[in-house]
Amino acid sequence: MLKQEYTITVYTENHIGLLNRIAIIFSRRKINIESLNTSPSEVDSVHRFTIVISETEDVVRKICTQIEKQVEVLKAYYNTQDEIVWQELALYKVPTDIIQAEVKVERLLRQHGAKAVVIRKDYTVFEVAGHREETDGLIKVLEPYGLIEFVRSARVAIIKDSDGFHSKLKEFEYREPGTETSTNEFLNENEEVFEM
């Protein structure tokens, strides 16, 4: 099987140490996480992890199963790039004097959809949101003009063909409790069952 880029979306409760336990699942299998983003989700008190890795589908499926075994994890999905809408945010710091002097640079920034975030005497910070190819393309354009610093965020992604986890969670929340009571068949036999 061929390796390809997968985006894993994990819905969790917000508990201390969960990120570490999820990261250990990847490190034990010697899988490099290319991008990791955590944020609140549309459901109150439910957080969302967006993890990008390059692996085979079989390995990704097994990883999602392992992640779902964590007590605080509600659900884990994996998707290819075609099944999601995604963006990354990039910031570029360039010398202000070059931007003012070179009209061509301003035109290039407009062509790449860059927006000025901070303008100071010594530097200007631009932002671009897009796919990795788009943000990497602007690095190459700005390097000859004295690119001072560059940073890119982790991926944020939404699954295209999904009702969303919110509706599934609400459906579960509003489901009426069952009227049947269940009995423990071993309750009266505890001495026999729990012998040491």
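What counts as what
- Residues numbered from 1 in each chain as written.
- Predicted model: local features only at pLDDT ≥ 70, side-chain atom pairs only at ≥ 80, totals over all residues.
- Heavy atoms only, no water.
- Core = buried A, V, L, I, M, F, W, Y, C linked by side-chain atoms within 4.5 Å.
- Buried < 20%, exposed > 50% of the residue type's maximum accessible area, 1.4 Å probe, protein only.
- Helix = DSSP H or I, 4+ residues; strand = E, 2+ residues; numbered from the N terminus.
- Contact = heavy atoms within 4.5 Å.
- Pairing = 2+ DSSP bridges.
- Polar contact = N/O pair within 3.5 Å; in protein donor to acceptor, adjacent residues only side chain to side chain.
- Axes fitted to C-alpha atoms, helices over the stretch in contact; angles between N-to-C directions.

> What should I look at first to understand the nonpolar core in this one?
The nonpolar side chains of a soluble globular protein tend to be buried with one another. In terms of nonpolar packing, the biggest core is built from 17 residues, with Ile8, Phe26 and Ile67 touching the most fellow members. Looking at this core, the elements that each hand over two or more residues are strand 1 (4–13), helix 1 (18–28), strand 3 (46–55), helix 2 (57–68) and strand 4 (73–80). Setting aside its immediate chain neighbours within four residues, Ile67 contacts Ile8, Val10, Ile22, Ile25, Phe26, Val73 and Ala76. Among the nonpolar cores identified, the runner-up in size contains 14 residues, and Phe126, Val128, Ile139 and Tyr145 belong to it.

> Is there a simple way to think about the pairing of strand 2 (residues 35–40) in this case?
The side chains of a regular strand alternate between both faces of the sheet. Sheet topology places strand 2 next to strand 3; six bridges connect them, and they run antiparallel. Opposite Leu36, over in strand 3, you have Ile51 as the bridge partner. A loop of five residues connects strand 2 with strand 3, the two strands running antiparallel in sequence, and Ser45 in this loop sits at a positive phi of about 70°.

> Looking at this model, I keep getting lost on the side chain of Asn79. Mind explaining?
Relative to the helices and strands, Asn79 is located in strand 4. Looking at Asn79, the relative accessible area reads 9%, which means it is buried. Within the structure, the side chain of Asn79 is placed 3.4 Å from the side chain of Glu83, a separation counted as a polar contact. Among residues more than four places away in sequence, those in contact with Asn79 are Glu5, Tyr6, Thr7, Ile84 and Ile159.

> It is not clear to me how the sheet that holds strand 1 should be interpreted in this structure. Could you clarify?
Think of a sheet as strands paired side by side through backbone hydrogen bonds, with each pair either parallel or antiparallel. Read from one edge to the other, the open sheet built from four strands follows the order 2-3-1-4, with strand pairing classed as antiparallel. Since the sheet does not close on itself, it has two edges, and those belong to strand 2 and strand 4, each with one partner. Going across the sheet, the axis of each strand differs from the next one's by a mean of 15°, ignoring polarity. When strand 1 meets strand 4, the two strands line up antiparallel, connected through seven bridges. Each residue of the ladder has a partner; that of Val10, found in strand 4, is Ala76. In this fold helix 1 packs onto strand 1, strand 2, strand 3 and strand 4, with an angle of close to 15° to the strand it touches most, strand 3.

Keep in mind these numbers describe shape, not what the thing actually does.
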